[in-house]
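Given next are the chains, with one letter for each unit.
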Amino acid sequence: NEIQNKNNEIQNKNNEIQNKNNEIQNKNNEIQNKNNEIQNKNNEIQNKNNEIQNKNNEIRILKERLSLQLAWRFAKHSEKYYPEQPSLFDEDEQFFIVPEEDKTKVHDEQIFKTEIVNSYKRNKKGRKPLSDELPRIVEVIDIKEEDKHCACGAELSKIGEDVSEYLVHIPSQIYVKKIIRPIYACRKCEGSGDEEKSTFRQAPAPKQIIEKSISSPSLLASVFTNKFELHLPYYRQEKAYEHRLINISRQDMACWQEKIYSVCRPLEDLIIKHIKSGNTMHMDETTVKVLRYDQIDEGREKSYMWLATGGPAKQKAVIYRYFKSRSAENVKEFINGFSGFLMTDGYKGYMAALTEHEKLYPQEKITHACCLAHSRRKFMDAVKVSKSKSAEAAVKYISDIYKAEKECHNVMKNNEDLPALRKGKVKPIFDSFKIWLKEKSKTVPHSLKFGEAVAYTLEYWNLILNYMECPELTPDNNEAENSIRPFVCGRKNWLFAGSEKGARSSCFIYTLIE
């Protein structure tokens, strides 16, 4: 019985222990539930913080876009940069500052140096004199002969003169050139006496570029120069001719343009062959609007005008070509048969075309180089929208590269030794710039303008450096952009091409003029 009692006591103790354990387990469950509630609250807080951060980033991006649009619309479009110039559109500049971006120190933060600028003599204000090379017609306005005698009886002496010059404009002359070709025949034998020659004899008519047309070479040159060089659309020229009582419609001028293109089209193949004969080629493209396409059911908002410039060093040429799209397939027409350095912007289509070209034509080695100026523009956008010191530092790095490049050209007279000199003067700046960019890329969001510029520059870094191997190249694609500018200026005036034929012929006329 005692043993039984002892066992019962032990059993009771065990039950008590079990109850205590259950109570502890319940307490632990309650604590776990509380911890889960706390974790859920923390997750909610974290989600709210992430939402706030995303909203702040979105607001910052929208602010940047607004500031950039305001600058594009109202500020100067020049790429020159003046750090001391305040922004006209930064109502809340402190909003744009990225602390991690501007406060992170890197290996070479002291890139802003104090430079002593030499003084210069400011040009005098006033009207510039007319060129001495202009022809002059001298007109002397003198007093009457009787006024050249004094009341005392002595003759007046010339003691000086006043000279003034006026620029006189004589409008261009337009006249009708009437060609008369007499016809001769023999009234006596009516041609039977000289059967070897024609009965009716007449001088051959002079050859014309466009047969049975009133247009002469000088008129065609004037019409095309006005449109493609002076950006004067055909409807304005039509009005100008009406003022001089001449009826030349815009349809006539457009028809002349297409006929000239059909006659001179073989020149197009010769020009592009000449461009491919050089060691360098620059390419670019821009949009052009076409009203009527060859296929009626084809609907496109915009087509493209492609440009290539190159050739031997002292015989550069430029060609404009119209294509329906921005496809990489269009690049093949320019690069097939070319070997050397190709300078372009960062459009992916060029890289795709060059990759395929390398597989199909391994004997034609083309080195692709990208434009440094495009990278600078992205940093300049960051400067405009945020006044970021880091963006200003990046612009300063690129300015130092251009200064070193200019020094290399001034020192080196022989272009063959230029790549070696670049490696000594320009390459160290590039290396320092790359290290700086990598440090900044760790702290700057790519959604911001500065982060976008950093990512773009690092992505195309190796292609940007490829120009250093060619003495004929510069760090940018300005040669192509300067050639494409006349087309862009003209597009602002004539707005669109009436048809695809008109777009192709316009490109050809631009090729001849530029």
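What you see is a predicted model; the values in this text were computed from it and never measured.

Brief notes about the side chain of Asp284
You can see Asp284 is positioned in strand β3 (residues 280-288). Within the buried set, Asp284 has no salt-bridge partner at all; the shortest N-O distance to an opposite charge, 6.4 Å, is to Arg326. Residues contacting Asp284, with those up to four places away along its chain left out, are Met305, Trp306, Leu307, Asp345, Tyr350, Asn477, Ala480, Glu481 and Ile484.

Comments concerning a nonpolar patch on the surface
A cluster of nonpolar side chains, Leu267, Leu270, Leu512 and Ile513, forms an exposed patch at the surface whose accessible area comes to about 330 Å². If you list the elements that add at least two residues to the nonpolar patch, you get α6 (266-276) and α16 (500-513).

Let's talk about the packing of helix α9 (residues 372-386) against helix α10 (residues 389-411)
The geometry of α9 relative to α10 is characterised by a closest axis approach of 8 Å and an angle of 150° between their N-to-C directions. In terms of their interaxial angle, α9 and α10 are classed as roughly antiparallel. α9 and α10 meet at a crossing whose hand is left-handed. Between α9 and α10, the contacting residues are Leu372, Ala373, Ser375, Arg376, Phe379, Met380, Ala382 and Val383 on the first element and Ala391, Glu392, Ala394, Val395, Ile398, Ile401 and Tyr402 on the second. Looking at the contact of α9 with α10 residue by residue, the class counts come to 12 nonpolar, 1 polar and 2 charged.

Brief notes about the sheet that holds strand β5 (residues 303-310)
The mixed open sheet is built from 5 strands, whose spatial order is β6-β5-β3-β7-β8. In this open sheet, the two edge strands, each paired with only one partner strand, are β6 (317-323) and β8 (366-370). In this sheet, adjacent strand axes meet at a mean angle of 25° when their direction is disregarded. In this structure, β3 lies alongside β5, joined through 8 bridges in antiparallel fashion. Bridge pairing in β5 links Asp284 to Leu307.

A few points about unusual backbone geometry
Phi is positive for Lys212, which is not a glycine, with a value near 55°. Looking at where Lys212 falls in the secondary structure, it is placed in the loop between β2 (201-202) and α3 (217-228). A relative accessible area of 85% places Lys212 in the exposed class. Phi is positive for His231, close to 60°, though the residue is something other than glycine. Structurally, His231 can be placed in the loop between α3 and α4 (234-243).

Re the pattern of salt bridges
One pass over the structure, following the stated rule, counts 21 salt bridges. Lys332 serves as the salt-bridge partner of Glu356, at 2.9 Å between the closest nitrogen and oxygen. Here Lys332 lies in helix α7 (residues 329-335) and Glu356 lies in helix α8 (residues 348-360), a separation of 24 residues in the sequence. Looking at Glu356, the relative accessible area reads 33%, which means it is partly exposed. The salt bridge involving Lys449 is made with Glu452; its shortest N-O contact spans 3.9 Å. With Lys449 and Glu452 both in helix α13 (residues 449-459) and 3 residues apart, this pair spans about one turn of that helix.

Describing the confidence of the model for the chain
Averaged over every residue, the pLDDT of the chain is 86; the share at 70 or more is 89%. Note on residues 89-112: pLDDT under 50 across the span, and 55 contacts to partners over four residues away in sequence or across chains.

Let's talk about the environment of Arg422
Along the chain, Arg422 falls in helix α11 (residues 418-425). With 15 residues separating them along the chain, Arg422 and Glu407 place their C-alpha atoms 9.7 Å apart. Look past the residues within four positions of Arg422 in its chain and what remains in contact with it is Glu405, Cys408, His409, Lys427, Tyr467, Met468, Cys470, Pro471 and Leu473. At 3.5 Å, the side chain of Arg422 forms a polar contact with the backbone oxygen of Met468.

What to know about the environment of Val288
Secondary-structure assignment places Val288 in strand β3. Between the C-alpha atoms of Val288 and Tyr322, which are 34 residues apart in sequence, the distance is 8.7 Å.

Cut-off values and rules
- Residues numbered from 1 in each chain as written.
- Predicted model: local features only at pLDDT ≥ 70, side-chain atom pairs only at ≥ 80, totals over all residues.
- Heavy atoms only, no water.
- Helix = DSSP H or I, 4+ residues; strand = E, 2+ residues; numbered from the N terminus.
- Buried < 20%, exposed > 50% of the residue type's maximum accessible area, 1.4 Å probe, protein only.
- Lys, Arg positive; Asp, Glu negative; His and termini not counted.
- Salt bridge = Lys/Arg side-chain N within 4 Å of Asp/Glu carboxyl O.
- Contact = heavy atoms within 4.5 Å.
- Patch = residues over 30% accessible without salt bridge, like charges linked within 9 Å, V, L, I, M, F, W, Y side chains within 5 Å.
- Areas by Shrake-Rupley, 256 points an atom, 1.4 Å probe, with all protein chains shown as cover.
- Axes fitted to C-alpha atoms, helices over the stretch in contact; angles between N-to-C directions.
- Parallel < 35°, antiparallel > 145°, perpendicular 65-115°, else oblique.
- Left-handed = near helix turned anticlockwise from the far one by under 90°.
- Nonpolar A, V, L, I, M, F, W, Y, C, P; charged D, E, K, R; others polar.
- Pairing = 2+ DSSP bridges.
- pLDDT = per-residue confidence, 0-100.
- Polar contact = N/O pair within 3.5 Å; in protein donor to acceptor, adjacent residues only side chain to side chain.

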